[in-house]
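Geometric and topological summary
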Amino acid sequence: MNETVIEIRNLRIEYGQQTAVQNLSLSVRRGEVYGFIGPNGAGKSSTIRALLGFNRIAGGEISILGVNARDEAARARLGYLPETPTYYDFLTPVELLDSYARLFRMNADDRKSRIADLLGQVGLVEHAKKRIGKFSKGMQQRLGLAQAMLNDPELLILDEPASGLDPLGRQEIRKLIESMKERGRTVFFSSHELSEIETVCDRVGMLVGGELKAEGEPGMLSGKHGVSLERVFINLAQGSDAEVTTP
Ligand SMILES: Nc1ncnc2c1ncn2[C@@H]1O[C@H](COP(=O)(O)OP(=O)(O)OP(=O)(O)O)[C@@H](O)[C@H]1O
Ligand SMILES: [Mg+2]
């Protein structure tokens, strides 16, 4: 119980002379849904790429599922949706997902049923045999989600999953996250959709200028200030009310 699935300690990320993230420490427990919010350029995607071991870090430590984030062993057990997923245009969703499923060493029967199930979950059944090059942004995003879920990951990391999705797609994302939670999975995702954050997250952390400015249950954050989460966001983004709260 209370096993820590993501542990970030004193993270620092730099791009040349620019510091994108600093003094960032946070942890996420197994079964938690954690929302990562903050203004454009706050450092959310940089942090997420570091969680995946893709970003070189200038300082601090990150452990994922008990191992160093740069360790391949962690990556096999998680699912990841990048901020801008890009795939080979000439493949169909079935071909793409099948090639990923082979990487996970799933057998032919499992691949077939898993892919059919996922295409249903993300609402792409009708487009299963269409070339990805002809997909709209929202359709690509849905495909990215299916890809992230393919190995039934213990930890799902999503960088703006609702981006480009219509209201139906957003509702599907909510359901998908909720079903992960029901099955004891851990979800860490960034979003600008504060209403979605309030609905699905157990805890939320807000990054401003690369630093964690607030953290807690979404209801607590807004309740404590007696205002909406949107108002808390705007105040913190504009530099007032800076503080970190823990549940
Ligand atoms: N590859 C890169 N090279 C140089 N600077 C970068 C790179 N990626 C991000 N940055 C810079 O790091 C800072 C944080 O960017 P990041 O993409 O992590 O923000 P974000 O919180 O994900 O923003 P958004 O909400 O717009 O997605 C920004 O100032 C950005 O310009
Ligand atoms: Mg981003």
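The structure contained in this document is the topic of the report that follows. (Residues numbered from 1 in each chain as written. Chains lettered and ligands numbered in written order. Predicted model: local features only at pLDDT ≥ 70, side-chain atom pairs only at ≥ 80, totals over all residues.)

**Re the overall build of the chain**
Within the chain, the regular secondary structure consists of nine helices and 10 strands. The C-alpha atoms of the chain give a radius of gyration of 18 Å, which matches the 18 Å a tight globule of 247 residues would have. Burial statistics for the chain: of 247 residues in total, 40% are counted as buried. (Helix = DSSP H or I, 4+ residues; strand = E, 2+ residues; numbered from the N terminus. Rg over C-alpha atoms; globule rule 2.2 N^0.38 Å. Buried ≥ 20, exposed ≤ 12 C-beta atoms within 10 Å, placed from the backbone.)

**Things to note about the nonpolar core**
Counting 69 residues, the largest nonpolar core has Ile 64, Ala 146 and Ile 157 as its most contacted members. Broken down by element, this core gets its largest block of residues, six residues, from helix α5 (residues 137-149). Residues within four places of Ile 157 in sequence aside, it is in contact with Ile 48, Leu 51, Leu 52, Leu 78, Tyr 80 and Phe 188. (Core = buried A, V, L, I, M, F, W, Y, C linked by C-beta atoms within 7 Å. Contact = placed C-beta atoms within 7 Å.)

**Section: the sheet that holds strand β4 (residues 59-64)**
If you walk across this open sheet you meet the four strands as β2-β1-β4-β5, and the pairing is antiparallel. Each edge of the open sheet is held by one strand with a lone partner, namely β2 (18-29) and β5 (67-68). Pairing of strand β1 (residues 4-15) with β2 involves eight bridges; the strand directions are antiparallel. Bridge pairing links Tyr 15 to Gln 18 in β2. In the packing of helix α1 (residues 44-51) onto the sheet, contacts are made with β1, β2 and β4, and the angle to β1 comes to roughly 120°. (Pairing = 2+ DSSP bridges. Axes fitted to C-alpha atoms, helices over the stretch in contact; angles between N-to-C directions.)

**What to know about the site of ligand 1**
The full set of residues close to ligand 1 is Tyr 15, Ala 20, Gly 38, Asn 40, Gly 41, Ala 42, Gly 43, Lys 44, Ser 45 and Ser 46. For the shell around ligand 1, the residue count by class is three nonpolar, six polar and one charged. (Near = placed C-beta within 6 Å. Nonpolar A, V, L, I, M, F, W, Y, C, P; charged D, E, K, R; others polar.)

**Points about helix α6 (residues 167-182)**
In this model α6 runs 23 Å from its N-terminal to its C-terminal C-alpha over 16 residues, within 8% of the 22 Å that 1.5 Å per residue would give. Every buried residue belonging to α6 is among Gly 169, Ile 173, Leu 176, Ile 177 and Met 180, and all of these are buried. All buried residues of α6 project into a common sector of 95° when viewed along the axis, lining one side. In this structure, α6 carries Pro 167, Leu 168, Lys 175, Ser 179 and Glu 182 as exposed residues pointing more than 90 degrees from its buried face. Along its buried surface, α6 packs onto β3 (33-37), α4 (108-121), α5, β7 (155-159), β8 (186-190) and α7 (194-200). Immediately downstream of α6, the backbone of Gly 184 shows phi near 75°, a positive value. (Expected span 1.5 Å × (residues − 1). Arc of directions from axis to C-beta.)

**Considering the sheet that holds β3**
Strand pairing in a sheet relies on backbone hydrogen bonds, with the paired strands running either antiparallel or parallel. Taken in spatial order, the six strands line up as β6-β7-β8-β3-β9-β10 in an open sheet, and their pairing is mixed. In this open sheet, the two strands that pair with only one neighbour each are β6 (78-81) and β10 (211-216). Here the average twist between neighbouring strands, direction ignored, is 15°. Where β7 and β8 come together, five bridges link them in parallel fashion. Of the residues in β8, the one forming a bridge with Asp 159 is Ser 190. Strand contacts of α5: β6 and β7, with the helix running at about 165° to β6, the strand carrying the most contacts. On the sheet, α6 packs against β3, β7 and β8 and is oriented at approximately 150° with respect to β8.

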